[in-house]
Amino acid sequence: MKTYPVYLNGNWTITGDSIPVVNPADAEVFARMTVVDTVHVAQAIKDAHTAFGGWRHVTGKGRGEWLHKIATELERRREEIARIISVENGKPLTQSQGEVALAVDHLRWFAEEARRGYGRVVPQQAEEKRHLVVKTPLGVVAAISPWNFPLALAVRKVAPALAAGCTVILKPASQTPLTAVAFAECVDAVKPPNGLFQLVVGLAAEIGQEFLNNPLCRKITFTGSTEVGRKLIEGAARHIKPLALELGGHAPVLVFDDCDLDQAVKHAMIAKFRNTGQSCIAANRIYVQRTIYPDFVRAFVNQTKDLKMGSGLDPETQIGPLIDETAVARAIEHVQDAVSGGAKLLCGGNRGNGLGFFFEPTVLTDVARTALCMFEETFAPIAPITPFDTESEAIELANGSNYGLSAYVFTQELKRMFRLADVLEAGMIGINDGLPTTSQCPFGGVKQSGWGHELGSEGMEAFLETKHVSISID
């Protein structure tokens, strides 16, 4: 069984300590991944700081050329890397291929955005002065990425940081480290300066603490649970360390009776079941106007029953396994809790057969507002559907959450689109669109869904310092 190395200061390194990597489709260990301790992480930060001294002075055009080369290498290996994602994450291969394509697009977007780290000239109020606002890179960035989109969510941190002139240390999730290794190989293939990009794997709490405590690490960007984000905030407070946090979500879907019903069902299916429901912007609560509630439920259930569950490597698979046994147990808990509270189970509700971590795509109706799945994030293919009567009621239901990452609206009424865009408490709103993420627009939430934004021009801005330069010409 192969043990995969970490990538430190331009070198592939095996320390002797490793962790198992499990295929969630069969619960079998198929590889091992090298792990490092805080001594290695501290040295990686030091090496990244040394590399920053040169990288910060490379022009934006030059940094963009590096990113384009990485994108080309990633594109060249797209089929191989898609298979790696499907094996260690479990998602259907077509979705893994889509994730590679999205990561390539992120790299190319920020390759061009690297040229646009604009400052400005500010008109003076005193004749003898001139004022400039300039942007400079922060320094060493620690990027902590999750397992559910192991390539795209790593790249959307690494690419803008490098574009801005920072150096990066990536700490991927321990469940899906091999995708990060493949990405590091793509970086290494274009012969970057030593220390520009490094890959570390190990105990999250220990590595995170080193990132927080080490003064040479200037910012941490993290995607994961709100609970872990809260711990990072507490630790960062001691050092006044900047954080970018993309945390939990609990996306509402509002389906109005003037919608295109076929379109609404199609896009709600995408928003709910993409990556087997394991997405921070997944549809978690589906609210349907009462006048079309029976028709929507009937169509949604029929399409859900047609979904094929299986290994991500099977080309016909639409629903893969969950990431681990804990995820399956949580899905079972959410279904049982909803049913005990009066919900109707229309399909699914059981774990799959076999050794893997499978859970059937599930539809629940008439779910009580107090059910766990109506206020806790459900990282599983579980769709709770409940009716509403008026627009004001729908808004109250949608905003009645501590989270505010994304929301979805299905309507044909233009005025309603603008009203809801204004009042829904979410950082991203898909209107008649179940897949709103795109490289050129900001990705981020409000309330307990995080701080800051990734992607768009805001994505690179997150890694730049803003400085005011006042010049006296007297």
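If you're wondering where the values come from, they're calculated on a predicted model, not measured in any experiment.

1. Notes on the side chain of Asn275
No. 1: Along the polypeptide, Asn275 turns up in the loop between helix H9 (261–273) and strand E14 (283–289).
No. 2: In terms of polar contacts, Asn275 uses its side chain to reach the backbone carbonyl oxygen of Asn148, at 2.9 Å.

2. A few points about the pattern of salt bridges
No. 1: In the structure shown here, the tally under the stated rule is 25 salt bridges.
No. 2: Here Asp389 and Arg290 are joined by a salt bridge, their closest N and O atoms 2.9 Å apart. Residue Asp389 is located in the loop between strand E17 (382–388) and helix H12 (391–399), and its partner Arg290 is located in the loop between E14 and helix H10 (293–305); the two are separated by 99 residues in the primary sequence.
No. 3: Among the ionic contacts, a cluster of salt bridges with common partners joins Asp258, Glu391, Glu413, Arg416 and Arg419.

3. Considering the packing of helix H3 (residues 78–89) against helix H6 (residues 177–189)
No. 1: One way to put it is that H3 packs onto H6 with a least axis distance of 8 Å and a crossing angle of 160°. Considering their axes alone, H3 and H6 lie roughly antiparallel with respect to each other. Considering the relative orientation of H3 and H6, their crossing is left-handed. Along the contact surface, H3 presents Ile81, Ile84, Ile85 and Glu88, while H6 presents Pro177, Leu178, Thr179, Ala182 and Cys186.
No. 2: Residue composition of the contact of H3 with H6, by class: seven nonpolar, one polar and one charged.

4. Some details on the sheet that holds strand E4 (residues 18–23)
No. 1: A sheet is described by the order of its strands in space; here three strands give the open sequence E1-E5-E4, paired in mixed fashion. The sheet terminates laterally at strand E1 (3–4) and E4, the two strands that pair on one side only.
No. 2: In the sheet, E4 pairs with strand E5 (residues 28–34) via six bridges, with the strands oriented antiparallel. Its bridge partner being in E5, Val22 is matched across the sheet by Val29.
No. 3: Sheet strands touched by H6: E1, E4 and E5. Its angle to E5, the strand with the most contacts, is close to 50°.

Thresholds, definitions, all that
- Numbering of residues starts from 1 in every chain and runs along the sequence as written.
- Selection of residues for local features in this predicted model requires a pLDDT of at least 70, selection of side-chain atom pairs for listing and counting requires 80 or more, and totals for whole chains, interfaces and linings are taken over all residues.
- Excluded from the side-chain calculation are hydrogens and water; included are all heavy atoms of the structure.
- The helix and strand labels rest on DSSP assignments: H or I over at least four residues marks a helix, E over at least two residues marks a strand, and numbering proceeds from the N terminus.
- Pairing of N or O atoms within 3.5 Å defines a polar contact, subject to two protein rules: one partner must be a possible hydrogen donor and the other a possible acceptor, and residues neighboring in sequence count only if both atoms are side-chain atoms.
- Note on definitions: salt bridges are taken to be side-chain nitrogens of Lys or Arg within 4 Å of carboxyl oxygens of Asp or Glu.
- Between the N-to-C directions of two axes lies an angle of 0 to 180 degrees, each axis being a line fitted to C-alpha atoms and, for a helix, fitted only over the stretch in contact.
- With respect to orientation, any angle under 35 degrees is reported as roughly parallel, any angle over 145 as roughly antiparallel, any angle of 65 to 115 as roughly perpendicular, and every other angle as oblique.
- Handedness of a crossing follows from how the near helix is turned relative to the far one, being left-handed for an anticlockwise turn of less than a right angle and right-handed for a clockwise one.
- In this analysis, two residues are considered to be in contact whenever any of their non-hydrogen atoms come within 4.5 Å of each other.
- Each residue gets one label: Ala, Val, Leu, Ile, Met, Phe, Trp, Tyr, Cys and Pro are nonpolar, Asp, Glu, Lys and Arg are charged, and the others, such as Gly, are polar.
- A strand pair is defined by DSSP finding two or more bridges across the two strands.

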